[in-house]
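# Summary of structural features
The primary structure of each chain is shown beneath.
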Amino acid sequence: MTRKTFGLADAAREFIRHPSPWMIGTALVISVAARTAVGDWQLTDLLVPAAMLAAFPFFEWIVHVFVLHWKPRTIGRITVDSLLARDHRRHHVDPRDIPLIFIPWPALLWILPAAITVALLGFPRVGLGLTFLSFLTLLGLTYEWCHYLIHSDYTPKSPVYRAVWRNHRQHHYKNEHYWFTVTTAGTADRILRTCPDPAAVPTSPTSKNLHATMTARQ
């Protein structure tokens, strides 16, 4: 039997079945509505999103390297190991396990309030803070969609998306020490020297078992 083509509509139907897109999407709608109600538009409401867009690949890289690839550390009798890192190790074990593709919803219970706090207290104008929050949640929803799509059965159609798709899949199936960006290819990875020629990189024996000693349950 010929397999049905998995298109964007199929991907969208699966995407909206998971909690993190709804949580981030709700925050996006509320923040945009609040930003519209506040008004007070200024030039900085264009400059902040532009700066965030430029910085986002580097933010992805930093979170991926230092948070998601965190190696558990024991301090006395306490093991320091976050839910994000544990779930990410499980994601590497089985990159096609759909729930593990998304940001864990319990983590969003503190990530979203933290973002709201920064937006309301970290900017000189409420309106500018809401601009920041609106664009941050838009970037977050874009990240979730792009990451899900890469790990789904959707076949890349455009050269740009194919490059993004290949970049992240090399991280999972070639070598977990390189190619840390998800929504772009050859941006932060190239500048931070984690975008080598794939032909010159050996296939890692631990791409599915980060830190070598971790088990799929951790």
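Residues numbered from 1 in each chain as written. Predicted model: local features only at pLDDT ≥ 70, side-chain atom pairs only at ≥ 80, totals over all residues. Heavy atoms only, no water.

### Quick notes on the overall build of the protein chain
The line we're drawing: Strands here are runs of E lasting at least two residues and helices are runs of H or I lasting at least four, both read from the DSSP assignment and numbered beginning at the N terminus. Atoms counted for the radius of gyration: C-alpha only. Globule rule: 2.2 Å times residue count to the power 0.38. Accessibility here uses a 1.4 Å probe with only protein chains present; expressed as a share of the type maximum, an area under 20% marks a residue as buried, one over 50% as exposed, and anything in between as partly exposed. Residues count as neighbours in contact if any of their non-hydrogen atoms are within 4.5 Å of one another.
For the protein chain, the count of helices and strands is eight helices and two strands. Reading the helices (α) and strands (β) of the protein chain from amino to carboxyl end gives α-α-α-β-β-α-α-α-α-α. Taking 2.2 N^0.38 as the reference for a compact globule, 218 residues should give roughly 17 Å; the C-alpha atoms of the protein chain span a radius of gyration of 19 Å, in line with that estimate. Its C-alpha atoms give the protein chain principal-axis dimensions of roughly 55 × 55 × 35 Å. Across the 218 residues of the protein chain, 42% fall into the buried class. For the protein chain, restricting intrachain contacts to residue pairs at least 6 apart in sequence, the fraction spanning at least 24 positions comes to 65%.

### A word on the packing of helix 5 (residues 105-121) against helix 6 (residues 126-151)
Helix-helix packing is described using two parameters, namely the angle between the two axes and the distance between the axes. Here is the rule: Axis definition: a line fit to C-alpha positions, over the contact stretch in the case of helices; interaxial angles, taken between N-to-C directions, run 0 to 180 degrees. Any angle between 65 and 115 degrees counts as roughly perpendicular, while under 35 counts as roughly parallel, over 145 as roughly antiparallel, and the rest as oblique. Rotating anticlockwise by less than a right angle from the far helix to the near helix defines a left-handed crossing, while the corresponding clockwise rotation defines a right-handed one.
Relative orientation of the contacting elements helix 5 and helix 6 amounts to 150°, with a least axis distance of 7 Å. Between helix 5 and helix 6, the interaxial angle falls into the category roughly antiparallel. Helix 5 and helix 6 meet at a crossing whose hand is right-handed. In this structure, helix 5 uses Ala-115, Ile-116, Val-118 and Ala-119 to contact helix 6, whose residues at the interface are Gly-129, Phe-132, Leu-133 and Leu-136.

### Topic: unusual backbone geometry
For Trp-179, which is not a glycine, the phi torsion comes out positive at approximately 60°. Tracing the chain through its elements places Trp-179 in the loop between helix 7 (159-173) and helix 8 (188-191). One non-glycine residue, Arg-193, adopts positive backbone phi at about 65°. Locating Arg-193 in the fold gives a position in the segment after helix 8. Arg-193 gets classed as exposed once you look at its relative accessible area, which sits at 75%.

### Describing the UniProt feature "transmembrane region" (unreviewed entry) in the protein chain
Short version of the rule: UniProt positions are given in the numbering used here, feature names are shortened, and annotations may be inferred rather than shown by experiment.
Using the residue numbers shown here, the UniProt feature "transmembrane region" (unreviewed entry) corresponds to residues 21-38, 50-68, 98-123 and 129-150. Within residues 21-38, the helical portion is 100% and the strand portion 0%, while the C-alpha atoms at the span's ends are 25 Å from each other. Across residues 50-68, helical content stands at 100% and strand content at 0%; the span's end C-alpha atoms are separated by 26 Å.

### Focus: the UniProt feature "domain: Fatty acid hydroxylase" (unreviewed entry) in the protein chain
The residues that UniProt annotates with the feature "domain: Fatty acid hydroxylase" (unreviewed entry) are residues 51-194. For residues 51-194, helix accounts for 63% and strand for 4%, while the C-alpha atoms at its two ends are 23 Å apart.

### Here we look at the pattern of salt bridges
Between side chains of opposite charge, a pair can form as their charged atoms come close. The following threshold applies: The rule for a salt bridge is simple: a side-chain nitrogen of Lys or Arg has to be within 4 Å of a carboxyl oxygen of Asp or Glu.
Inspection of every chain in the model, using the stated rule, returns eight salt bridges. Its salt-bridge partner being Asp-81, residue Arg-89 comes within 2.7 Å of it at the nearest N-O pair. Through salt bridges with shared partners, a single network forms among Arg-35, Asp-40, Asp-45 and Arg-125.

### Topic: the packing of helix 6 against helix 7
What counts, and what does not: Side-chain classes follow a simple rule in which Ala, Val, Leu, Ile, Met, Phe, Trp, Tyr, Cys and Pro form the nonpolar group, Asp, Glu, Lys and Arg form the charged group, and the remainder, Gly included, forms the polar group.
In the contact formed by helix 6 and helix 7, the axes pass within 10 Å of each other and the chain directions differ by 75°. Here helix 6 lies roughly perpendicular to helix 7, going by the angle between them. The segment helix 6 lies against helix 7, with Cys-146, His-147, Leu-149, Ile-150 and His-151 engaging Tyr-161, Val-164, Trp-165, His-168, Arg-169 and His-172. The residue inventory of the contact of helix 6 with helix 7, partitioned by class, reads six nonpolar, four polar and one charged.

### Structural notes on the side chain of His-18
Which entries qualify depends on this criterion: Under the rule applied, a polar contact is a pair of N or O atoms within 3.5 Å (in protein, one hydrogen donor and one hydrogen acceptor; residues adjacent in sequence only if both atoms are side-chain atoms).
Mapped onto the fold, His-18 is located in the loop between helix 1 (8-15) and helix 2 (19-38). Only 2.6 Å separates the side chain of His-18 from the side chain of Glu-14, close enough to count as a polar contact. With residues up to four places along the chain from it excluded, the contact list for His-18 reads Ile-98, Pro-99 and Phe-102.

### Quick word on the nonpolar core
Here is the rule: In plain words, nonpolar cores are sets of buried Ala, Val, Leu, Ile, Met, Phe, Trp, Tyr and Cys residues tied together by side-chain atoms within 4.5 Å.
The biggest cluster of nonpolar side chains holds 23 residues, and the ones touching the most others in it are Met-52, Tyr-148, Ile-150 and Tyr-161. Of all elements in the fold, only helix 1, helix 3 (44-68), helix 5, helix 6 and helix 7 reach the threshold of two or more residues within this core. In terms of residue count, helix 6 provides more of this core than any other element does, ten residues in total. Ignoring any residue separated from it by four or fewer positions in sequence, one finds Met-52 in contact with Phe-132, Phe-135, Leu-136 and Leu-139.

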